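Take a look at the letters that make up each chain.
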Amino acid sequence: MWGPSHCCLILCLWACLDALPVAVDKTKVSPPVEELEPPKSEDTGLHYDRYLREVIDFLEKDPHFKEKLHNTDMEDIKQGKLAKELDFVSHHVRTKLDELKRQEVNRLRTLIKVKQDMNGEKGTAVDHQALLKQFEHLNHMNPHTFEVEDLDRLIQSATNDLENFDKERHEEFKKYEMMKEHDRREHLKTLDEEARKKEEEHYEEMKKKHADHPKINHPGSQDQLKEVWQESDGLDPSEFDPKTFFNLHDTNGDGYFDEQELEALFTKELEKIYDPAREEDDMQEMEEDRLRMREHVMNEIDTNRDRLVSLNEFIAATDKKEFQEPGGWETLEQNPVYTEEELREFEEHLAREEHDLNLKTNDLLKQREELERQQDQLNANKMELQQAVQHMERLKIQKTETPVQAKVPSAVEILPGDARPMSQGHQQDLPAHF
């Protein structure tokens, strides 16, 4: 399972530590094939999360690589020195890594093909650079084998992406908050004066109720940790011991506080502010507050910036003067995530997007009307052609069915052996036959 060394390999930028470090039997050259099944671990949120976790899991199964990992400091890992050890891992692991890379390349190719097809259907151009950017975590020029460059790229990509992960989450939350306020103001515009006044009064009442909560202890302070010690652990606050506290809340027993374990320490504080059963409390705001608390504690305690808090770092933080000083914490209602100017710019951006969308909609409607007009014209032409063909068919039938009207001469006009008729005078001269 994953120990602190795994997190170093992925630059300690996410925490997925599930068990104590396992002792390595260095007499084994390679692990049995049946052991090559990666354990489940926490999702990093990266689009190549599964590939990243499985690569690390399989590398950990190689005794040589695992030993090097335990003996390599973080800076060397970041500089790519550990990646060079890939040349010395067992054949079984290399074979499995090759297979993982081929699967990842096929996944990305399928993803790109789907995006290209979708863009083609919409009539939009394909941004090939943006699509190829998804290959930064591996060398796609060699799609068949996992090499040193692939491991180096994977480490560097995890570094950049995970370092920006919290920042992106903050930006998404800011957009969420601005959109919520924008929708509220737009709704007010649809109401009459009396209804708008009631809505505004209700809104202000909800804000006051949300802000009416007990004091929030400073995250990571003695007061905050003692509260957890007393209420969650059921221990006497006067007997608070940092080392014991650390061991109690190092839930996977690896000797480190990871990000999830730190965030769990703030639940009691957050419960003072947020309740899912209350109308005035927004659970997305609660998660943002939790994230802000964790980042604050990491900045104060995580001295080597590996996104893990070791026991030594924790004990050192509790020895500081700041740890013992009582202090509060500004929640989101006290520290808004956006300004009125940012909201105005956001609404202007929404207005431009809506304007562009309306233009495209009108253009599409015109195109539809033109197509319908052309279709009507084609239908009319088709009808005329059908009528002309039917008329010609009727004329043809009439011509074939009309009988030939032949003239039959009278007997007195026909002479034996002579087809010419006789004059009236000659007819009188003929003798009568009895």
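Just above sits the structure.
Quick caveat, the model's predicted, so the values are computed rather than measured.

On to the nonpolar core. Of all hydrophobic cores here, the largest spans 29 residues; its most connected members are Val55, Leu59, Leu97 and Leu151. Among the elements of the structure, α2 (49–60), α3 (63–70), α5 (91–122) and α7 (148–163) are those that each provide at least two residues to this core. Leave out the neighbours within four places in its chain, and Val55 touches Leu97, Leu100, Phe146, Leu151 and Leu154.

Moving on to the packing of helix α8 (residues 165–189) against helix α9 (residues 193–211). Between α8 and α9, the least distance of the axes is 10 Å, while the angle of their chain directions is 150 degrees. Between α8 and α9, the angle is such that the two are roughly antiparallel. Contacts between α8 and α9 involve Glu181, Arg184, His187 and Leu188 on the former and, on the latter, Arg196, Glu199, Glu200 and Tyr203. Its residues assigned to classes, the contact of α8 with α9 comprises 2 nonpolar, 1 polar and 5 charged.

Turning our eyes to something else, we now look at α7. Within an α-helix, residues lying three or four positions from one another point in the same direction, as the helix has 3.6 residues per turn. With 16 residues, α7 extends 23 Å between its outermost C-alpha atoms, agreeing within 8% with the 22 Å of an ideal straight helix rising 1.5 Å per residue. Turning to α7, its buried residues are Asp150, Leu151, Leu154, Ile155, Ser157, Ala158, Thr159 and Leu162.

Turning to its location among the elements, Arg184 is positioned in helix α8. Each C-alpha atom of the pair Arg184 and Glu199 lies 9.6 Å from the other, and the pair is 15 residues apart in sequence. When residues no more than four places from it in sequence are discounted, the contact partners of Arg184 are Glu200 and Tyr203.

For the rest of this paragraph, the subject is the packing of α2 against α7. At their nearest, the axes of α2 and α7 sit 11 Å apart, and the two run at 125 degrees to each other. As far as their axial angle goes, α7 and α2 are oblique. Relative to α7, α2 is oriented so that their crossing is left-handed. Here α2 contributes Tyr51, Leu52, Val55 and Leu59 to the contact with α7, which in turn contributes Leu151, Leu154 and Ala158. Of the residues in the contact of α2 with α7, the class split is 7 nonpolar, no polar and no charged.

Thresholds applied
- Residues numbered from 1 in each chain as written.
- Predicted model: local features only at pLDDT ≥ 70, side-chain atom pairs only at ≥ 80, totals over all residues.
- Heavy atoms only, no water.
- Core = buried A, V, L, I, M, F, W, Y, C linked by side-chain atoms within 4.5 Å.
- Buried < 20%, exposed > 50% of the residue type's maximum accessible area, 1.4 Å probe, protein only.
- Helix = DSSP H or I, 4+ residues; strand = E, 2+ residues; numbered from the N terminus.
- Contact = heavy atoms within 4.5 Å.
- Axes fitted to C-alpha atoms, helices over the stretch in contact; angles between N-to-C directions.
- Parallel < 35°, antiparallel > 145°, perpendicular 65-115°, else oblique.
- Nonpolar A, V, L, I, M, F, W, Y, C, P; charged D, E, K, R; others polar.
- Expected span 1.5 Å × (residues − 1).
- Left-handed = near helix turned anticlockwise from the far one by under 90°.

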